[in-house]
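Below, each chain spelled out in residue letters.
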Amino acid sequence: MTSVPAVDAPACAPGTPSGAPAPGVWADVVGQDAAVAQFRRAASPEGSLAQAWLITGPPGSGRSTAARAFAATLQCEQGTGCGQCRACRTTLANTHPDVTVVATDKLSIAKEEVRALVMTAQRAPATGRHRVLIVEDADRMTAGTFNVLLKSIEEPPPSTVWMLCAPSAEDLAATIRSRCRLVTLTLPGSDVVAELLRRRDGVDEQLALRAARAAQGHIGLALRYATQEGALAAREESARTLLSLRRTGDAVLAAQALVDRATAEAKEHADQVALEEKERFLRSAGIEDGKVPPSLRGQLRQLEEDAKRRQTRLVRDVLDRYLLDAHSVLRDMLSTQLGTGAELVNIDVADQIAQVAAQGSGRITLGLLDAVQEARTRIAGNVPPLLAIEALLARVATAL
């Protein structure tokens with residue numbers, strides 16, 4: 001479990017027009033007016049502050065950003081989430097002593113990690129109004145881990161506030177979600193995300209809109225498309241490859257290339273993180289010559305195992321991103337076939353989408369959309385990624 005750097009997020013003040021940013025900690029929580037109003041009301045002197053919150057929403061909707069902004073509002077010296085006081089700034093910078101933000105880049109959160117978190121929850125605040133614990137990826141806790149957390153969620157100390165983030169309430173054990181106040185986020189519109197990229201990250205207006213549309217409202221992915229060289233071009237190439245599949249053999253080759261690319265991308269990131277963790281471990285142990293004593297080798301092996309689990313998850317994440325892109329291409333194709341007039345997500349391949357759409361039927365395309373979701377479910381259920389992707393692309397090639 002690792003601390004995650006926060007992104008400075010200035011709140012929509014009361015009376016702020018919908019979608020318009022305002023000074024304060026909430027400015028980067030875009031397209032979530034109802035949720036922001038609920039958080040601000042709970043943090044106000046007249047509000048009712050629950051001690052356990054479940055913040056849900058699709059990936060990219062800004063769950064962790066909203067949780068940090070809420071934490072900053074709770075700690076704010078003005079009580080408003082001003083964004084200017086020391087408490088707001090340190091919370092957003094992830095350096096406030098009474099705010100703990102944790103996440104995992106592995107497949108699951110271990111019991112030992114949650115036990116340490118529960119111990120932290122029992123301590124009184126050092127300087128702030130509350131002790132706040134934000135758990136990103138709370139859906140990655142196992143049934144046994146939920147049991148470790150349950151007592152602390154059920155009977156927290158008076159000043160402790162838990163914030164659990166997950167894609168949906170159903171991802172958590174019923175015993176946990178029934179004890180939390182639920183706040184549900186939605187994916188913001190492309191225009192709202194584009195404006196955020198332009199305002200916060202200085203992205204060119206046209207590129208910001210293009211990236212936001214391609215990301216389908218996923219804020220983090222939109223930032224990646226807008227700032228990582230070649231990311232949008234690679235997405236477009238993947239869409240063209242999908243639409244050009246006609247033979248099973250081509251599908252098998254495309255699946256292998258895709259999984260190889262995902263594995264390489266994941267390995268590069270996982271290796272970098274593993275190297276940094278090993279260096280920190282050696283420094284903390286006072287080891288300068290690289291010779292690890294027998295008493296510490298078990299901890300070093302654990303770091304290596306964590307690196308493998310991290311890579312496994314990253315491969316799945318990269319492939320899931322591709323599957324979401326494939327889903328958007330097929331959805332555009334279905335929209336074209338049905339003549340809905342909806343704006344296409346994949347503008348750059350609109351001509352090829354129209355050509356392929358004219359040769360097929362909506363019924364077939366609908367079946368392919370179901371196949372994409374099935375592939376996502378299989379990969380999440382530990383089916384070897386290559387088999388799941390091969391099966392999907394072979395079906396696409398046959399159908400087209």
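Along each chain, residue indices are assigned from 1 in the same order as the chain's sequence is written. The predicted origin of the model limits local features to residues at a pLDDT of at least 70 and limits the giving and counting of side-chain atom pairs to 80 or more, whereas totals for whole chains, interfaces and linings rest on all residues. Values reported for side chains reflect all heavy atoms of the structure, with hydrogen atoms and water molecules removed beforehand.

## Observations concerning the overall build of the protein
Secondary structure is summarised from DSSP: a helix means a run of H or I of at least four residues, a strand means a run of E of at least two, and numbering begins at the N terminus for each. Each helix and strand counted, the protein has 15 helices and six strands in total. Relative to the globule expectation of 21 Å for 400 residues, the C-alpha radius of gyration of the protein, 23 Å, shows essentially globular dimensions. Each principal axis of the C-alpha atoms in the protein carries an extent, and together these give about 65 × 65 × 40 Å. Only protein chains enter the calculation, and the probe is 1.4 Å; a residue is then buried if its accessible area is under 20% of its type maximum, exposed if over 50%, and partly exposed in between. Considering the protein as a whole, with its 400 residues, one finds that 46% of them fall into the buried category. Taking the average place of the 46 positive charges on the side chains of the protein and the average place of its 47 negative ones, the gap between the two points comes to 4 Å. Both definitions apply: the radius of gyration is a C-alpha atom measure, and the globule rule equals 2.2 Å times residues to the power 0.38. Think of it this way: Lys and Arg go in the positive column, Asp and Glu in the negative one, and His and the chain ends go nowhere. Positions of charges follow a simple convention, taking NZ of Lys, CZ of Arg, CG of Asp or CD of Glu.

## So, the nonpolar core
In a soluble, globular protein the nonpolar side chains are often hidden away together inside. Nine residue types can take part in a nonpolar core, namely buried Ala, Val, Leu, Ile, Met, Phe, Trp, Tyr and Cys, and a core is a set of them joined through side-chain atoms within 4.5 Å. Core analysis: the biggest nonpolar cluster contains 40 residues, and Leu242, Leu319, Leu323, Ile389, Leu392 and Leu393 have the highest contact counts within it. At the level of secondary structure, the elements contributing two or more residues to this core comprise α10 (231-244), α11 (248-284), α12 (294-338), α13 (350-359), α14 (362-380) and α15 (385-399). A per-element tally of this core places α12 first, with eleven residues. Whether two residues are in contact is decided by their heavy atoms: any pair within 4.5 Å suffices. Residues within four places of leucine 393 in sequence aside, it is in contact with Leu242, Leu245, Ala251, Ala254, Ala255 and Tyr322. Core analysis: the next-biggest nonpolar cluster, separate from the first, contains 32 residues, Ala72, Cys76, Cys85 and Ile134 among them.

## Structural notes on α14
Look at α14: 27 Å from first C-alpha to last across 19 residues, which is about the 27 Å you get at 1.5 Å a residue. Taken from the residues just after α14, asparagine 382 is the one with a positive phi, measuring 75°. To estimate how far a helix should reach, multiply one less than its number of residues by 1.5 Å.

## Regarding the domain arrangement of the protein
In this document the domain limits rely on a domain assignment from an automatic tool or a database. Split by domain assignment, the protein resolves into domain 1 (33-184), domain 2 (190-228) and domain 3 (248-286 + 301-398). For domain 2 and domain 3, the distance between their C-alpha centres works out to 21 Å. Residue-level contacts link seven residues of domain 2 with eleven residues of domain 3. Summed over both partners, the accessible area lost on bringing two parts together, with a 1.4 Å probe, is the buried area. Summed over both partners, the interface of domain 2 with domain 3 comes to about 680 Å²; 37% of that surface belongs to carbon and sulfur atoms. Counting the surface domain 2 buries against domain 3, the share from its top three residues, Arg213, Gln216 and Arg224, is 66%.

## Quick word on the packing of aromatic side chains
Any aromatic ring pair is given by two values, namely how distant the centres are and how the planes are angled relative to each other. Here a Phe, Tyr or Trp ring, Trp counted by its six-membered ring, pairs with any other such ring whose centre lies within 6.5 Å, and the pair is stacked when the planes are under 30 degrees apart, edge-to-face when over 60, and tilted otherwise. All told, the structure shown has four aromatic pairs when counted by the stated rule. Their ring planes at 45° and their centres at 5.6 Å tell us that phenylalanine 39 and tryptophan 53 sit as a pair that is tilted. With a gap of 14 residues between them, phenylalanine 39 in helix α1 (residues 33-43) and tryptophan 53 in strand β2 (residues 52-56) connect regions that are remote in the sequence. Across this residue pair, the class does not change: phenylalanine 39 and tryptophan 53 are buried. When the centroid spacing of 4.6 Å and the interplanar angle of 35° are considered together, the rings of phenylalanine 39 and phenylalanine 70 count as tilted. Of the two residues, phenylalanine 39 is situated in helix α1 and phenylalanine 70 in helix α2 (residues 63-75); the sequence distance between them amounts to 31 residues. Looking at phenylalanine 39, the relative accessible area reads 1%, which means it is buried. Overall, phenylalanine 70 belongs to the buried group, its relative accessible area being 0%. Aromatic rings pair up to connect Trp26, Phe39, Trp53 and Phe70 into one cluster.

## Observations regarding α10
Taking 1.5 Å as the rise per residue, α10 with 14 residues should run 20 Å; its terminal C-alpha atoms sit 20 Å apart, in good agreement. The inward-facing, buried residues of α10 abut α8 (205-215), α9 (219-227), α11, α12, α13 and α15.

## Notes on the packing of helix α7 (residues 190-201) against α8
When two helices pack together, their arrangement is given by the angle between the helix axes and the distance between those axes. Under this scheme, a helix contributes an axis fitted over its contacting stretch, all axes are lines through C-alpha atoms, and angles between N-to-C directions fall in the 0 to 180 degree range. For the pair α7 and α8, the least separation of the axes is 8 Å and the interaxial angle reads 135°. Relative to α8, the element α7 lies oblique. Viewed along their axes, α7 and α8 form a crossing whose handedness is right-handed. Within the contact between the two elements, α7 uses Ser190, Asp191, Val193, Ala194, Leu197 and Arg198 and α8 uses Ala208, Leu209, Ala211, Ala212 and Arg213. Nonpolar residues are Ala, Val, Leu, Ile, Met, Phe, Trp, Tyr, Cys and Pro. Charged residues are Asp, Glu, Lys and Arg, and all others, Gly as well, are polar. Taken together, the residues of the contact of α7 with α8 break down into seven nonpolar, one polar and three charged. Every angle not falling under 35 degrees, over 145, or within 65 to 115 is termed oblique; those three ranges are roughly parallel, roughly antiparallel and roughly perpendicular. Note on convention: the crossing is left-handed when the near helix lies turned anticlockwise from the far helix by less than a right angle, right-handed when the turn is clockwise.

## Examining the pattern of salt bridges
Within this document, salt bridges are pairs made up of a side-chain nitrogen of Lys or Arg and a carboxyl oxygen of Asp or Glu, the two lying within 4 Å of each other. A full pass over the atoms with the stated rule returns 17 salt bridges. We note a salt bridge from aspartate 201 to arginine 200, for which the minimum N-O separation is 3.0 Å. Aspartate 325 is the partner of arginine 235 in a salt bridge, and the nearest nitrogen-oxygen pair spans 3.2 Å. Taken together, the residues span a long stretch of sequence, with arginine 235 in helix α10 and aspartate 325 in helix α12 at a distance of 90 residues. Given a relative accessible area of 9%, arginine 235 falls into the buried group. Several salt bridges share partner residues, and in doing so they unite Asp28, Arg199, Arg200 and Asp201 into one network.

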